[in-house]
Amino acid sequence: MSAGARLRWHRPGGAPLEFDLQDESYVVGRDASCDIVVDEPLVSRLHARLERRSARWFVVDLGSTNLTRVNGGVVSEWPLSPGDELRFARARCEFLLPTGETPSGPRPEPRPKSEPEPAG
C-alpha cells in the first residue's frame, strides 16, 4: 500500500515543504490550480502528474518545457521508489514512503538524457 507516501520539495533558500499523497493522482506545477504548487520559474504551469496505480506510485511528465527527471535521468513516465530524487525543471523533490513500505514489482534504471525514450 502507498497510503503514507509523501513528496518533499527542497525549496531553495527555505525549509523543505512536504505534501501527503493520500489521493490517487496529483498534478505538480507552477499554476495555482495544481494540487502541488511548486513556485519556481522554470517549472511548467502543468509540469507532471504523480499517480498511484495499485501499490505503486508513478511520475508522468505532462509535456513540460524543462523536463522531469528521476535520479538524474529524463523520464516521460516512471515508477517511483522510496528516496527517489525527482526534479521538475530545477525544483528538487524527494519521494518518501513510511519505513518498511516498499513498492511491488521490478523497475528499470532511468536512462541518461542523451538516450531517447522508447516509443509506445
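Quick caveat: nothing in here was measured; it's all calculated off a predicted structure.

Here is what the cut-offs are and how they apply
Residues numbered from 1 in each chain as written. Predicted model: local features only at pLDDT ≥ 70, side-chain atom pairs only at ≥ 80, totals over all residues. Heavy atoms only, no water. Phe/Tyr/Trp six-rings, centres within 6.5 Å; stacked < 30°, edge-to-face > 60°. Lys NZ or Arg CZ within 6 Å of the ring centre and 35° of its normal. Salt bridge = Lys/Arg side-chain N within 4 Å of Asp/Glu carboxyl O. Helix = DSSP H or I, 4+ residues; strand = E, 2+ residues; numbered from the N terminus. Buried < 20%, exposed > 50% of the residue type's maximum accessible area, 1.4 Å probe, protein only. Contact = heavy atoms within 4.5 Å.

S.K.: Even after reading the chapter, I still don't get the packing of aromatic side chains, so can you show me in this structure?
M.R.: We describe a pair of aromatic rings using the distance from one ring centre to the other and the angle between the two ring planes. For the structure shown, the criterion picks out one aromatic pair. A cation over a ring is seen here: arginine 53 above phenylalanine 58, with NZ or CZ 4.0 Å from the ring centre.

S.K.: Can you help me understand the pattern of salt bridges in this one?
M.R.: Between side chains of opposite charge, a pair can form as their charged atoms come close. Applying the stated criterion across every chain yields a total of nine salt bridges. In this structure, arginine 8 engages glutamate 18 in a salt bridge whose closest nitrogen and oxygen atoms are separated by 2.6 Å. With a gap of ten residues between them, arginine 8 in strand 1 (residues 6-10) and glutamate 18 in strand 2 (residues 17-20) connect regions that are remote in the sequence. Here arginine 52 makes a salt bridge to glutamate 24, at a shortest N to O gap of 2.9 Å. With arginine 52 in strand 5 (residues 48-53) and glutamate 24 in the loop between strand 2 and strand 3 (25-29), this residue pair connects regions lying 28 residues apart in the sequence. Accessibility expressed as a relative area gives 47% for glutamate 24, which makes it partly exposed. Through salt bridges that share partners, Arg6, Arg8, Glu18 and Glu94 make up one connected network.

S.K.: I would appreciate a short explanation of the environment of aspartate 39 in the present structure.
M.R.: In this fold, aspartate 39 is placed in the loop between strand 4 (36-37) and strand 5. Between the alpha carbons of aspartate 39 and arginine 11 there is a distance of 9.1 Å; along the sequence they are 28 residues apart. Dropping the residues within four chain positions of it, aspartate 39 is found in contact with Trp9 and Arg30.

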